[in-house]
Amino acid sequence: MQGLLPLIPLCPLLGCLALIFGQGLMPRRAVPWVGAGSVGLAALLTGMVGGQFLGGSLEPVTVTLWTWLRSGELGPDFALYLDALSLSMLFIVTGVGFLIHVYSAGFMADDPGSARFFAYMNLFVAAMLILVLADNLVLLYLGWEGVGLCSYLLIGFWYQEPANGAAARKAFVTTRVGDTALALGLFLLFTELRTLDIQPLMEAALNHWTSGDPTASLAALLLLGGAVGKSAQLPLQTWLPDAMAGPTPISALIHAATMVTAGVYLIARMHSLFELAPDVLLLVAVVGSVTLLMAGFSALTQTDIKRILAYSTISQIGYMFLALGVGAWPAAVFHLMTHAYFKALLFLGAGAVIHSYHHEHDIFRMGGLRQRLPVAFWSFVFGSAALMALPFTSGYYSKHEILLAAYAGRGGAWLWAGGLFGAMLTGLYSARLLFVAFFGRANTHASEQLGLSMKLPLFVLCGLSLLGGFWVIPLASVFGETAVVPHPPDGIGLISTFAPLVGIAIAAAFYWQRLYSSDNLMASSLGQPLYRLWFSGWGFDWLYARAFVEPFKWFARINQRDGIDGVYRGIAALARAGHAQASAAQNGRLRWYVASLVSGAVLVVALGAWW
Amino acid sequence: MLVLLIAILAVGGLAAWYGERAGPDAPRWIALAAISLVGLLLLPYFGPAVSPTDGAWLSEIYATWIPRFGVGFHLALDGLSLALAVLTVLLGAAAVAASWTEIRDRVGFFHCNLLWTLAGVLGVFLAMDLFLFFVFWEAMIVPMALLIAIWGHEDRTAAAMKFFLFTQLSGLLMLLAMIGLVLLHHRNTGIFTFDYPVLLNAELDGDVARWLMLGFFVAFAVKLPAVPFHTWLPDAHTQAPTGGSVLLAGVLLKTGAYGLLRFVLPLFPEAAAAFAPVAQGLGVASILYGGWLAFGQDDMKRLIAYTSISHMGFVLVGVFAWNEQGIDGAVMTMLAHGISASALFMLAGGLQERIHTRDMRRMGRLWADVPRMGAIALFFSVAALGLPGLGNFVGEFLVLQGGYLVSPVITAIAALGLVVAPVYSLVLMQRVFQGTCLEPHRLSDCGGRELAAFGVLMLATLWLGLYPLPALTVAKWATAPVVELSYSGEDPPP
């Protein structure tokens, strides 16, 4: 097992290098085989390693590859660490990642840049695997930044469109704000505890700090800053909806299943530190619940099929943060896992719609796709069912656990009520999407032309979305047995179960049976500003543009010639002016010279007399 | 042996000048040969046979020169000098490669100046006599200014003048401080000497030490350059030929950082410690102001020049953090930035050679035409923005960690540079290689020579990023005693 573990990130890395250096040499047909094959191999290795690990005693395994750097006591290595938590992430990244790569082989078959596409994708998988396997925080940071870079590259994959580049830069810079907080958290942790290896660090933290220590809280807060950036939570959530500019498989892989959940992973990985900071933990829960509600409202108003799913992703990660905040670590990871299945399914289904329907994104220009796009339709049905947490789907088990934990947790009924209302919203916006795009009058010329490589992943993900809730990696070895949630009264569970049905009923009334008109609602005096607020993502983009982006650009523009250089230019101009004056005086006229001689002499004499 | 290193470059310069008679390619090959020879001569110092104790020279020569004033011809090599000498050789070769097709006029004299600049720089890194150091310091400026003034672009004369004046005036301050230091030492001990190891033990009065330290500091801060002494750099870079930019960004700026480590900290430990917050403040100002200005530029080379200012700000923060992480980080930043900035200047120069403009408003979408150049630019842009796994990250991370140990507030502000860096780096990529372009260009992608040069620089950047341990170890032979000084001088500064 020790020998196989490093091969898991190595496979996609080699795939990436082969694709980069094989450009022009490799036949086009070979590109998807290399791209998907390398991730498939990683998935296979993960299966072997995981089988051995789960069959054993669940003892963590550390593999040190080489010494990275040494500077005083700071000495991070290239070392991998495998426990039940990182194994769960490995399964998601390589398993779902492989399915999305297979799908991409069909989706990107006609794109002239498919080799570049798969190279970036493989690099992403490698970076993500390093992130989840890292034994120390510096190596984790390497993976963390690496996935951010790949996200940037893939959002801006179609680089000739300036809007894509802008979205890509926005994603990178916004998450970099969070990353900077994370880096400062690392500096603080090292300054206090003199190590950045995660396991010794956790032990040192427990020995060094008591619960509620302000330094521990500050460190946890800084790490949370990194997590909200990467996971698109308040206040750094603005980049994710724009990130939909990338090809759809990217949205499935990076912006739904894996990278955006890195923040959840980070907090779960550092759970001992967060437990020392109960106030920050409560903040995590509050951030999660506020985000899940705000994003739910925004999802309700979007018309772009991918933006609906993007806001839905923000909202679902909000649930994970809520779970983390109330200390329900396994529930957070469980929801991370089921979300990866059903959200990947939904994005790939959306990709199938977009692929079959002339790159149309607006759901109101779709309609009646039920018959014409059966595979996409059923993908959406299964995916939405799990997203809405209908009973017996995978999403039901994970979301139910979160709601129960929220009820029992420190925030009590408020957090639970927020989550509950969010569950209703989830039902509402998911059903709205389903009814508008797939039911109603068929007014399209779409025809489903999906190859086997696109259909197969959809089928597998349908199965996982339905049944994935029955297969859980036991996480007690990571989080301890204390994480068991006391049972709330039965009524609470029942209410949680029925919340999404209310949402579906409302959506059916508006968008299926059309008993009420949503247009009237949006036109009303209260509805219109609310609609605009929600549609624009609560105005955060507007605010950040005024507060940060425009002042930054303004100063850069007016100071293009560098005000400081103005001082030196002034000195130079002064010297030139003096030179001009002095040389003008040298005019060759005798009268002028005599006059200046005399006046100079008078001046000197006068000065002397006056003294 | 050490004399030989400098002599090879100096004589090689003359040979290149006269070699032009044998054809335009002869000077290029002569220059490459001379640089490679120096590189070969440096190799043995990395051998396992050499395992120096901290602070001992790897190699040293001493000859009396002007005995009346205690001036000696004292050259010595330690880990820091060695690391920077290797960087000089690497980037010297890159500069020759970058000029291969660009320079067609007076090829011999160009390479003569190039090699003489390298010789001066190498002398700066090796001189252990203050007077000799000053001689090399001045000697490297003249051929560099000529490179700008003769082979530069449209505003070359003014830029060369500005470069010359800034460095000359600041060099004068350094000379005054040197003489002051020597006179004081003479008054206290009766010994007249410019010898660096002797002067290290000079006893200085606090107030005087502060002024002398400032004299050195300003000279090095101009060279680094740090805000507010930075304004010569964008002009010099923009106007210099590609090879000149490579030398300037890659090596000449590093002499400023080297001077801080070699002279300012060890000669004036107390004064420097008291001054550290100001110096770090200037570093932070450079990081943010440089990055901000970089974002606003339309000229591609100007943009890269301002990023240099930003990155050298990290060096200032790290050096004056004055602990192991800070100084290790500063050295790593010097090496990694030397490589990445040089590569970016080579790209800008390569583009200018192809489409005859540096104006990014007239570029765009070039990835479609020159994907290899695009990929290389991407590599070095993300190196510049501090992507982990590449050399610049190691430097900046260690600098900030070192800074945080000393002053969390200053470091938190400096860390904002991490947010600004992707803003300017990615805007560069966008404006040059992505998006749309109004002017269609027809241009050819990198050929074998360019690929080889960039390939070496990319490998070096990866090596510094993934396995920086050897470089850190070598530099630590020299910097460990400097770090120790900070502990001895920890208490007094108010």
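For clarity, every value in this text was computed on a predicted model and none was experimentally measured.

Now for the side chain of A:Ser496. Residues and elements named next belong to chain A. Its place among the elements puts Ser 496 in helix 22 (residues 490-512). Residue Ser 496 is classed as buried on the basis of its relative accessible area, which comes to 5%. Among the polar contacts made by the side chain of Ser 496, one reaches the side chain of Trp 416 at a distance of 3.4 Å. In contact with Ser 496, not counting residues within four places along its chain, are His 400, Leu 403, Trp 416 and Leu 420.

Another point: the interface of chain A and chain B. Across the boundary between the two partners, chain A contributes 51 residues, which contact 60 residues of chain B. Across the chain A to chain B interface the summed buried area is about 4,800 Å²; carbon plus sulfur atoms make up 69%. Among the residues of chain A in contact with chain B, A:Tyr159, A:Phe187 and A:Phe552 are the three that bury the most area, contributing 14% of the side total. On the surface where chain A and chain B come into contact, there are one salt bridge. Between B:Lys162 and A:Asp565 there is a salt bridge, and its shortest N-O distance comes to 2.8 Å. Remark: the boundary between chain A and chain B carries 23 residue pairs in polar contact (both at pLDDT 80 or more). Secondary-structure elements contributing two or more residues to the side of chain A that touches chain B are strand 1 (61-67), helix 4 (114-133), helix 5 (137-155), helix 6 (162-193), helix 25 (540-558) and helix 26 (563-585) of chain A. Looking at the side of chain A that touches chain B element by element, the count peaks at 15 residues for helix 6 of chain A. Among the residues making up the side of chain A that touches chain B, the classes are represented as 30 nonpolar, eleven polar and ten charged.

Residue and element names in this part refer to chain B. When you tally the buried positions in strand 2 (residues 71-77), you get six out of seven residues, the bulk of the element. Pairing of strand 1 (residues 59-66) with strand 2, which is carried by seven bridges, proceeds in the antiparallel orientation. Each bridged residue has a counterpart across the sheet, and for Glu 60 the counterpart in strand 2 is Ala 76. In this antiparallel pair of consecutive strands, strand 1 and strand 2, the connection spans four residues, and Gly 70 shows a positive phi of 70°.

Turning our eyes to something else, we now look at the packing of aromatic side chains. All chains considered together, the criterion is met by 63 aromatic pairs over all chains. With 5.1 Å between their ring centres and 65° between their planes, A:Phe377 and A:Trp378 make a pair best called edge-to-face. Overall, A:Trp378 belongs to the partly exposed group, its relative accessible area being 46%. Grouping aromatic residues by their ring pairs yields a cluster made of A:Trp66, A:Trp68, A:Phe78, A:Tyr141, A:Phe187, B:Phe393, B:Phe397 and B:Tyr404. Against the face of A:Tyr319 rests A:Lys399, its NZ or CZ located 4.7 Å from the ring centre. Above the face of the B:Trp137 ring, B:Lys223 is positioned so that its terminal group lies 4.2 Å from the ring centre.

Definitions and limits used
By convention here, each chain's residues receive numbers from 1 onward along its written sequence. Here every chain gets a letter starting at A, and every ligand a number starting at 1, in the order they are written. For a predicted model such as this one, the threshold for reporting local features is a pLDDT of at least 70, and the threshold for listing and counting side-chain atom pairs is 80 or more; totals across whole chains, interfaces and linings nevertheless cover every residue. As a convention, hydrogens and water are excluded, and side-chain values are obtained from all of the structure's heavy atoms. Only runs of H or I of at least four residues qualify as helices and only runs of E of at least two qualify as strands under DSSP, and these elements are numbered from the N terminus. Buried, partly exposed and exposed residues are distinguished by accessible area as a fraction of the type maximum, computed with a 1.4 Å probe on protein chains only: under 20%, between the cut-offs, and over 50%, respectively. Any pair of nitrogen or oxygen atoms within 3.5 Å is treated as a polar contact; in protein, a donor-acceptor pairing is required on top of that, and neighbouring residues in sequence qualify only through side-chain atoms on both sides. What makes two residues a contact is simply this: any of their non-hydrogen atoms within 4.5 Å. Accessible-area loss on putting two parts together, using a 1.4 Å probe and summing over both, is the definition of buried area adopted here. A pair is scored as a salt bridge if a Lys or Arg side-chain nitrogen falls within 4 Å of a carboxyl oxygen belonging to Asp or Glu. Three residue categories are used. Nonpolar comprises Ala, Val, Leu, Ile, Met, Phe, Trp, Tyr, Cys and Pro, charged comprises Asp, Glu, Lys and Arg, and polar comprises the others, including Gly. At least two bridges found by DSSP between two strands is the condition for calling them paired. For Phe, Tyr and Trp, where Trp contributes only its six-membered ring, two rings pair if their centres lie within 6.5 Å, and the inter-plane angle classes them as stacked under 30 degrees, edge-to-face over 60, or tilted in between. We call a charge positioned above a ring when the Lys NZ or Arg CZ atom is no farther than 6 Å from the ring centre and deviates by at most 35 degrees from the ring normal.

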